[in-house]
Amino acid sequence: MVRPILIAALIGAVALPAWSQTTPVAQTAPQTAPKPVDPYAPTDPAELEVWLRARGETYHRAADEAQDPAELERTAGLNAGIVEANDRAEAQDRAAAADYDAARAKYEAAASAAATARLNYEADLRAAEAAQAQYERDQAQWRARVAACNAGDRSACGPAY
């Protein structure tokens, strides 16, 4: 009887802050300001473009002789700075890629060497286990021959060929 009450109280305590921060559904609609619409603007895209051009809403580059030489020089300087920054970033990316490739090759070589060492270790371990098993078989056979010799079997007392 106590558990359901504690569970309900715990759920209420956890969920109450979240419920208090939510807004009512009526207020969740986007509150965007209405765009100023020219009632005379055409709705057809081709007509709209013609209409906007008629009002000067296009970009026309001025002729070189009409442009300010100081502004052209500043623009060229800024563009050169951007090209230099891009070239430095490209060189840095190439250097980082070369470093990554070298580190990856070193890692793969180390992983290959570790795999070879592990395979050699496992082969040596199997050889040692086989030698130990052969020793134990030979030891058991020798003990059996000694026991037979001590029991009186003279054929077991000679060397085993």
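On a predicted model such as this, the values are computed, not experimentally measured, just so you know.

1. Observations concerning the overall build of the protein
Thought 1: Within the protein, the secondary structure is distributed over three helices and zero strands.
Thought 2: Mapped from its N terminus to its C terminus, the protein presents α and β elements in the order α-α-α.
Thought 3: Expressed as a percentage of its 161 residues, the buried residues of the protein come to 2%.
Thought 4: Summing over all exposed atoms, the protein offers an accessible surface of approximately 14400 Å²; the carbon and sulfur share of this is 61%.

2. A word on the state of the cysteines
Thought 1: For the coordinates displayed, the defined rule picks out one disulfide.
Thought 2: Disulfide partner of cysteine 149: cysteine 157, at an S-S distance of 1.8 Å. Around the S-S axis, the bridge from cysteine 149 to cysteine 157 shows a dihedral of about 105° and counts as right-handed.

3. Some details on the pattern of salt bridges
Thought 1: Within this structure, the stated rule accounts for three salt bridges.
Thought 2: One salt bridge connects arginine 94 with glutamate 90, and the closest N-O pair in it is separated by 3.6 Å. Taken as a pair, arginine 94 and glutamate 90 lie in helix α3 (residues 69–151) at a separation of four residues, close to a single helical turn.
Thought 3: The class of glutamate 90 is partly exposed, set by a relative accessible area of 40%.
Thought 4: As a salt-bridge pair, arginine 118 and glutamate 122 come within 3.4 Å of each other at their nearest N and O atoms.

4. So, α3
Thought 1: Across its 83 residues, α3 extends 121 Å between first and last C-alpha, which sits within 8% of the 123 Å expected from 1.5 Å per residue.
Thought 2: Immediately downstream of α3, the backbone of glycine 152 shows phi near 115°, a positive value.

5. Describing the confidence of the model for the protein
Thought 1: In this model, the protein carries a mean pLDDT of 82, and residues with pLDDT of at least 70 account for 74%.
Thought 2: Considering each helix and strand of the protein separately, the mean pLDDT is smallest for helix α1 (residues 2–21), with a value of 58, and largest for α3, with 95.
Thought 3: In this model, residues 32–36 is a region of pLDDT below 50 whose contacts with residues beyond four sequence positions or in other chains number zero contacts.

Conventions we followed
- Residues numbered from 1 in each chain as written.
- Predicted model: local features only at pLDDT ≥ 70, side-chain atom pairs only at ≥ 80, totals over all residues.
- Heavy atoms only, no water.
- Helix = DSSP H or I, 4+ residues; strand = E, 2+ residues; numbered from the N terminus.
- Buried < 20%, exposed > 50% of the residue type's maximum accessible area, 1.4 Å probe, protein only.
- Areas by Shrake-Rupley, 256 points an atom, 1.4 Å probe, with all protein chains shown as cover.
- Disulfide = S-S within 2.5 Å.
- Salt bridge = Lys/Arg side-chain N within 4 Å of Asp/Glu carboxyl O.
- Expected span 1.5 Å × (residues − 1).
- pLDDT = per-residue confidence, 0-100.
- Contact = heavy atoms within 4.5 Å.

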